[in-house]
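Close look at the chain arrangement
Spelled out, the chains give:
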Amino acid sequence: MATSWSNEVDRVIDGDLTAALAYVTPAGGAVVTAVAPIGLRDRERGTVGFTTSLGLPKKLERIRRNPRIALAYHARKHGFAGGTSYVMVQGDATVTLEPDRALLEDHIGPRAERYLGARKSGPFWDRWLQEYYADRVPVDVDVRRIVAWPELDCAGAAEVAGEPPPAAHAEPQSPPKNGTAPRMDAARAGEKAGRLPYVLLGFTGADGYPVVHPVSIADATSDGIVLEAATASLLPPGGRRAGLLAHDYGKQLVGLQARQFTGWLTAEEGSNRALYAPHTEQAFRAPGNKTLLLLANGLLAKRGLKKARRTGLIERLRETTG
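First, a word on scope: everything that follows refers to the structure included in this document. (Residues numbered from 1 in each chain as written. Predicted model: local features only at pLDDT ≥ 70, side-chain atom pairs only at ≥ 80, totals over all residues. Heavy atoms only, no water.)

**Overview of the overall build of the protein**
In terms of helices and strands, the protein carries eight helices and 15 strands. For 322 residues, the compact-globule estimate of 2.2 N^0.38 gives 20 Å, and the protein sits close to it at 19 Å. In terms of its C-alpha atoms, the protein occupies a principal-axis envelope of roughly 60 × 45 × 40 Å. A buried classification covers 50% of the 322 residues belonging to the protein. Taking the contacts inside the protein whose residues are at least 6 apart along the sequence as the reference set, 72% of them involve residues at least 24 apart. (Helix = DSSP H or I, 4+ residues; strand = E, 2+ residues; numbered from the N terminus. Rg over C-alpha atoms; globule rule 2.2 N^0.38 Å. Buried < 20%, exposed > 50% of the residue type's maximum accessible area, 1.4 Å probe, protein only. Contact = heavy atoms within 4.5 Å.)

See the structure below:
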């Protein structure tokens, strides 16, 4: 049977401008990145969704390999929902790799304008944004469970819709062969990430689905970034691969900033603090002007799609899908 959810949860899914997407890496870690879900969901089918450009194919490749994902609706800023509920959706994603022009023009486009503003069109913009708009594809998620906390920091007792979550966190993981220590200037990375208001930690749960919880950056030293959660139960004890996302955004996502890490998380049983050793980092800062933002989005999508075609990634993904 399809998983159903409450009207309160539905208002959050419908209203939030952004969500944190987490997917599993081949090594059993998690990557956390920001998406604009534009309220995509179907309560009768028990699905939620988002879209992405074929010009940004890396996450599609990862999701095709392991469709277990999580979407965390964690911020009301510049959205349409009220309240303080934190909503985490876990489920299995289905990727469509052939853009559907009718779907984009009749459904996705009008819906996106509510959240992101009117789409630019005309001879120049139609060409420039071809890969960003016309080559967008949907990702549908069959919801396995929804966990909703009453507060945005995940304090308080959670309510669950669908399959009950595992009773405990996953067992600690074996350390990577290159060691668990930071592979960059952790103090500098933590200081920059700490300037951003939304910080999300992602790791793989005991059932293989990623888990995403909000944390704050309490300190940052050469040994790692000290993360603090609302309660100790949100942090898995021991060591494991984990992803970290710090981000902020303006109205219609103008001025978006994001710092995305993969690394090693270490937490002690019963503590609401953990040490995060960053291993890789990707940083992005969008222009504060809508026109400049669209120019940048178009360029990134064109470059990404060109690279994906040159390396044969899109063809491999389509062969796997078929």
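**Brief notes about helix H3 (residues 101–116)**
Its 16 residues give H3 an end-to-end C-alpha distance of only 19 Å, which falls more than 12% under 22 Å, the value for a rise of 1.5 Å per residue. Along H3, the sharpest kink reaches roughly 40°, centred on Ile-108 and followed within four residues by the proline Pro-110. Three or more residues of H3 are buried, namely Leu-104, Ile-108, Ala-112 and Tyr-115. The positive-phi residue at the C-terminal boundary of H3 is Gly-117, with phi of around 90°. (Expected span 1.5 Å × (residues − 1). Bend = angle between axes of the 7 residues up to and from the residue.)

**So, helix H1 (residues 7–15)**
Taken together, the buried positions of H1 are Val-9, Asp-10, Val-12, Ile-13, Asp-14 and Gly-15. Lining the buried residues of H1 we find strand S3 (41–42), strand S4 (47–53), strand S5 (68–73), strand S6 (86–95), H3 and strand S7 (136–149).

**Details of the nonpolar core**
Counting residues in each nonpolar core, the largest one holds 51 residues, and the members touching the most others are Tyr-86, Leu-201, Val-212, Val-215, Leu-227, Leu-244 and Tyr-276. Broken down by element, the residue count for this core peaks at five residues, all from strand S9 (residues 198–204). (Core = buried A, V, L, I, M, F, W, Y, C linked by side-chain atoms within 4.5 Å.)

**Quick notes on the sheet that holds strand S13 (residues 238–248)**
Overall, antiparallel pairing links the seven strands, which are arranged S10-S9-S13-S14-S15-S12-S11 in an open sheet. Looking at the sheet topology across the chains shown, the edges are occupied by strand S10 (210–214) and strand S11 (216–221). Within the sheet, the average angular offset between the axes of one strand and its neighbour, ignoring direction, is 30°. Running at roughly 155° to S11, helix H6 (residues 186–193) makes contact with S9, S11, strand S12 (224–228), S13, strand S14 (257–267) and strand S15 (273–285) of the sheet. (Pairing = 2+ DSSP bridges. Axes fitted to C-alpha atoms, helices over the stretch in contact; angles between N-to-C directions.)

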